[in-house]
Amino acid sequence: MIRIPTGPGATLALAMIIGFAGMAGAQMPMGEITGDAEAGKQLYYDHACYACHGYTGETGHQMKLIGSGFLLNEQTFIIYLRLRTELNPILPSEAMPNYPEESLSDEEAKDLYAYVRTFADNAPPLQDIPTLNAIIESAAEPYSP
Amino acid sequence: MTKSTDDRVPASGRRDFLKSAAAGAATGAAALVGGTTAARAQQAETVAQVAEAAESAAIAVPAPTEAQLAREEGDVRPPPVTRAAMAPGSDLMVDVLRDLGVEYVASNPGSSFEGLQESIINHGNPPNRMPEFITALHEMSAVDMAHGYAKATGKPMVALIHGVIGLTNGTMGIYQAYYDRAPVVLLVGRDNTFIQTHTADDIGGLVRSFTKWDAHPLTLEESFSAIQEAYHRAMTPPCAPTLVVLDTEVQKEEAPGMTAPPAPGFSVAGIDADQAREIARGLLAAENPRINVGRLRTPEGVAQAVELAELVGACTSSRAGTGPNSFPNRHPLCGPGAVGEEYDYVLGLEAPGAQTALLGPHIRTIDDRDPTNIGLGGNRMMGRGFVPITPPPGENNIDVDAEASLPAIIEEVRREITAGRSREIEQRSARHAEVNRAATVARVAAAAGAKRAGWNGSPIATARVYAELWPLIEDEDWCLSSGSRFSGAHHADLWALNKPYSFLGSSGAGGIGYGLGASVGAGLAAKERGRFVINIQNDGDINYCPGALWTATHHKLPVLSIMHNNRAWHQELMFVEYMAGVRGRGTDRGHIGTTLRNPHINYAKMAEAYGMASEGPIEDPNELVAAYRRGIETVKGGEPYLIDVITQPR
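Okay, so let's go over this structure. As the structure is a computational prediction, the values presented were derived from the model and not from experiment.

Quick look at the overall build of chain A
Okay, so step 1: Of regular secondary structure, chain A possesses 6 helices and 0 strands.
Okay, so step 2: The 145 residues of chain A split such that 45% are buried.
Okay, so step 3: Looking at chain A alone, contacts between residues at least 24 apart form 63% of all its contacts between residues at least 6 apart.
Okay, so step 4: A total accessible area of about 7500 Å² is found for chain A, and carbon and sulfur atoms account for 58% of it.

Comments concerning the sheet that holds strand β16 (residues 613-618) of chain B
Residue and element names in this part refer to chain B.
Okay, so step 1: Read across the sheet, 5 strands follow the order β13-β14-β15-β17-β16 without closing on themselves; strand pairing throughout is parallel. Edge positions in the sheet fall to β13 (478-480) and β16, since each of these pairs with one other strand and no more. In this sheet, neighbouring strand axes are inclined to one another by 15 degrees on average, regardless of whether the strands run parallel or antiparallel.
Okay, so step 2: Contacting β14 (532-538), β15 (559-564), β16 and β17 (641-645), helix α23 (residues 624-636) crosses the sheet at an angle of about 160 degrees to β17.

Quick word on the pattern of salt bridges
Residue and element names in this part refer to chain A.
Okay, so step 1: Scanning all chains against the criterion turns up 29 salt bridges over all chains.
Okay, so step 2: Note that D106 and R82 form a salt bridge whose closest N and O atoms lie 2.6 Å from each other. With D106 in helix α5 (residues 106-116) and R82 in helix α4 (residues 74-82), this pair connects stretches of sequence that are 24 residues apart. Accessibility classification places D106 together with R82 in one group, the buried group.

A closer look at the packing of helix α6 (residues 130-139) of chain A against helix α14 (residues 419-450) of chain B
Okay, so step 1: Look at α6(A) against α14(B): their axes get within 8 Å of each other, and the N-to-C directions meet at 165 degrees. Comparing the axis directions of α6(A) and α14(B) gives the class roughly antiparallel. Remark: the crossing between α6(A) and α14(B) carries right-handed chirality. Note on element contacts: α14(B) touches α6(A) through B:T440, B:V441, B:V444, B:A445 and B:A448, opposite A:L132, A:I135, A:I136 and A:A139.
Okay, so step 2: For the contact of α6(A) with α14(B), a count of residues per class yields 8 nonpolar, 1 polar and no charged.

As for the packing of aromatic side chains
All names here are of chain B.
Okay, so step 1: Tallied over the full model, the rule gives 15 aromatic pairs over all chains.
Okay, so step 2: With centroids separated by 5.1 Å and ring planes inclined at 90 degrees, the aromatic side chains of Y175 and F210 adopt a geometry described as edge-to-face. Placement of Y175 in helix α7 (residues 163-179) and of F210 in the loop between β5 (185-190) and β6 (213-216) is noted, with a sequence separation of 35 residues between them.
Okay, so step 3: One aromatic cluster is present, built from ring pairs that chain together Y175, Y178, Y179 and F210.
Okay, so step 4: Its end group placed over the ring of Y501, R531 keeps NZ or CZ at 3.4 Å from the ring centre.

Considering the environment of B:G454
Okay, so step 1: Inspection of the secondary structure puts B:G454 in the loop between α14 and α15 (462-467).
Okay, so step 2: When its relative accessible area of 5% is taken as the criterion, B:G454 is described as buried.
Okay, so step 3: Spatially, the C-alpha atom of B:G454 lies 9.2 Å from that of B:Q648, the residues being 194 residues apart in sequence.
Okay, so step 4: Other than its neighbours up to four places away in sequence, B:G454 contacts A:E58, A:T59 and B:A461.

A closer look at the packing of α4(A) against α5(A)
Packed helix pairs are specified by the crossing angle of their axes together with the interaxial distance, meaning the distance between the axes.
Residues and elements named next belong to chain A.
Okay, so step 1: Contact pair α4 / α5: the axes reach a minimum separation of 10 Å and the direction vectors enclose 115 degrees. Relative to α5, α4 is oriented roughly perpendicular. The interaxial crossing formed by α4 with α5 has right-handed handedness. The segment α4 lies against α5, with E74, F77, I78, L81 and R82 engaging D106, A109, K110, L112 and Y113.
Okay, so step 2: Of the residues contributing to the contact of α4 with α5, the split by class is 6 nonpolar, no polar and 4 charged.

Some thoughts on the sheet that holds strand β12 (residues 396-398) of chain B
Picture the strands of a sheet paired through backbone hydrogen bonds; they go either parallel or antiparallel.
Residue and element names in this part refer to chain B.
Okay, so step 1: The 5 strands are arranged β9-β8-β10-β11-β12 in an open sheet whose pairing can be described as parallel. A single partner strand is all that each edge strand has here, and the edge strands are β9 (315-317) and β12. The average angle at which neighbouring strand axes cross in this sheet is 20 degrees, direction not considered.
Okay, so step 2: Alignment of strand β8 (residues 289-293) against strand β10 (residues 345-349), held across 5 bridges, turns out to be parallel. Paired with I291 across the two strands is L347, which belongs to β10.
Okay, so step 3: The sheet contacts of helix α10 (residues 273-285) involve β8, β10, β11 (356-358) and β12, and relative to β10 the element is tilted by about 130 degrees.

Concerning the nonpolar core
Residue and element names in this part refer to chain B.
Okay, so step 1: By size, the foremost hydrophobic cluster in this structure holds 55 residues, and its most contacted members are M157, L167, L186, I542 and L642.
Okay, so step 2: Considering every element that reaches this core, the biggest residue donor is helix α6 (residues 139-153), with 7 residues.
Okay, so step 3: If near-sequence neighbours (up to four positions away) are discounted, M157 is found in contact with V102, Y104, A106, M145, A146, Y149, V184, V185 and L524.
Okay, so step 4: L472, Y641, I643 and V645 belong to the second-largest nonpolar core, a separate cluster that totals 39 residues.

Focus on α6(A)
Okay, so step 1: Buried residues of α6(A): A:T131, A:L132, A:I135, A:I136, A:S138 and A:A139, and no others. Within α6(A), the buried residues cover an arc of 160 degrees as seen down the axis, which keeps them to one side. Opposite its buried face, α6(A) presents the exposed residues A:P130 and A:E137, each directed more than 90 degrees away.
Okay, so step 2: Of the surrounding secondary structure, the elements contacted by the buried residues of α6(A) are α14, α15, α16 (470-473) and α17 (491-494) of chain B.

Looking at the pairing of strand β4 (residues 158-162) of chain B
Two faces make up the sheet, and in a regular strand the side chains alternate between them.
Residues and elements named next belong to chain B.
Okay, so step 1: Summarising burial for β4: 5 of the 5 residues are buried, a large majority.
Okay, so step 2: What you see with β4 is no split at all: V158, L160 and H162 on one side and A159 and I161 on the other are buried throughout.
Okay, so step 3: For strand β2 (residues 104-107) and β4, the ladder comprises 3 bridges, and the chain directions are parallel. Residue pairing in the sheet places V105 in a bridge with V158 of β4.
Okay, so step 4: Pairing analysis gives 5 bridges linking β4 to β5, with the strands arranged parallel. Across the sheet, I161 pairs through a bridge with V188, a residue of β5.
Okay, so step 5: On the question of chirality, the crossover connecting β4 to the parallel β5 by way of α7 is right-handed.

Conventions adopted
- Residues numbered from 1 in each chain as written.
- Chains lettered and ligands numbered in written order.
- Predicted model: local features only at pLDDT ≥ 70, side-chain atom pairs only at ≥ 80, totals over all residues.
- Heavy atoms only, no water.
- Helix = DSSP H or I, 4+ residues; strand = E, 2+ residues; numbered from the N terminus.
- Buried < 20%, exposed > 50% of the residue type's maximum accessible area, 1.4 Å probe, protein only.
- Contact = heavy atoms within 4.5 Å.
- Areas by Shrake-Rupley, 256 points an atom, 1.4 Å probe, with all protein chains shown as cover.
- Pairing = 2+ DSSP bridges.
- Axes fitted to C-alpha atoms, helices over the stretch in contact; angles between N-to-C directions.
- Salt bridge = Lys/Arg side-chain N within 4 Å of Asp/Glu carboxyl O.
- Parallel < 35°, antiparallel > 145°, perpendicular 65-115°, else oblique.
- Left-handed = near helix turned anticlockwise from the far one by under 90°.
- Nonpolar A, V, L, I, M, F, W, Y, C, P; charged D, E, K, R; others polar.
- Phe/Tyr/Trp six-rings, centres within 6.5 Å; stacked < 30°, edge-to-face > 60°.
- Lys NZ or Arg CZ within 6 Å of the ring centre and 35° of its normal.
- Core = buried A, V, L, I, M, F, W, Y, C linked by side-chain atoms within 4.5 Å.
- Arc of directions from axis to C-beta.
- Right-handed = clockwise from strand over helix to strand, strands pointing away.

Pasting the structure below:
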């Protein structure tokens, strides 16, 4: 189990770690994957992660693998899941639920992380989407009431 | 004497209740004869329920008679009191509605307005036109239809409702129309001689907290003036639903030699000439004037706002992405303008303005109509509705309807403008147009880049649901009828919203169940106007009153419904998930009570059951365009169509 330190000092230290990881995420190599992505896919669905991030992490609140300190490795991911909302107010936010050990074990969180790491930016280049190019061209057309 | 809500004391004792007191449920049941055993058992149960209700109320409410029950149970033989009507008063009510320009009356039948209903469908040449009777399958649908129609046209249609029980069903729709400032006229039938649980002394009191005005006329003449007043009050800002209770006896009253009175003149007060002159001079003297445009009342107001902006060469803002009757968002003057953000005169039309803001009365001004003291949240919280409660510093707000003020301002501008100033304005407008066009293209291009996310994914990205529509409709006359917040509001980023009815906005109070009914109402507006309706239909919403699908089919309304089928009340799923996280338990159980799975609902088959052409569910985004083409072809041919699309949550 990932042990979450307690107390004001630990809180500050954790916030700094995660914050630093966030700032440095673009440069730091992504951590090792030990979980089962297939099991993580089911957990992603069961715990309604898709509700905010879409079924593939691409829509809604998109998951950015590159540059995200929270997704840097399993440890930062699990700490981020645990430190949400009123119960663990290091990162108080209503933007994402808290996932305590009682709801999601470390092993499950690692599976979930493994699945999240499969996410990729599948968006085609803009020039390859005729519909969106037609919409842009349409915006340049003269006004028609 | 008309009993309006200005005198709150309900009429009592004006009509005699049934003299025939209940002989008791058992006696009533035993007296029933004929029909099947099952039917007799059902009738007996009905009698028992009514008697029980009367007993529990501890009042001397008479139970219905055998004849009444037989009629309620479907015995369609005319009541024995029926006589040939030579000149029924309800015919004249229809004349009053026609004179007001009411196109439609939406209703599901009730036993308190058969007089008026019969007149609508039979009186006039041709009958059942202006107004036409539109068959709804639920009172909330009827009110939602009137709500959507009002936003698409800027004027009311009628929802005809049966007594207490119908009005209770319609309450949610009325509540939403109230907060959406939609002019809707509600006519409520009242039969004080029939089943007592269907009526009340003061029916209007049920919804008085969220209607603008109501009346209970006691004579035929008063009914005419009450309907006219209800129409005009609904249209007078703050626009809102109004209600008239029509007793069944008044509807059936003979009116030989009587004619319907013509509708009295109707106008909304605007600013005075001095104020108009001051604004006109401010706009003309400025080197870089701006006009912020919020939501005006009618399409005519939008045309006048465009005229004013073009006259003075002002760049403008628009709320077209959030609701109807605002400035066209691709108009050359809509945007930041060429001179930069330093505007030296800003006029607000139902929107903030640095120098002057014309802000019509909000429904908050009528919140004294809250006799139940429930303290309506919207009135407490909204302040001036969509306008910030605290005006920007230096603002000179004038509490007056902006749309009604525009003619006077335009007149003053035309009087004051010189030939030289006109040339300068023309040059400035050309510069504005060039810069605004570039800004629009840049904004749309940025949005398009963002909409690529999940483009080829399945379930289908909501952005693609909207995007694929645009090339197919951009040269058509269309109206986006449904609220779009839950499906991403991508129209605001990608589409040109150049008509007052391009986007009708959301439900008003955030309630679910509005979308389909409002779209059918928009379809009524579209039918005779050569346009069609696009309804991005949330799955949670459609299940409240799906019977409106039948109304669209039956009346051949050009409504293309595209399901945003994420198989959930998605926002609530997120709320419950969040709460489970706060409490540290069961984050894998948030789907309970929030999702629409096991089984999945097949909306194409739902539409088919109501007789509507449909297809789906579609899960492959590459199948969207062909389905859209079929749908658009169908609605342009005058029939509704539904496409079930399995989508990402948002």
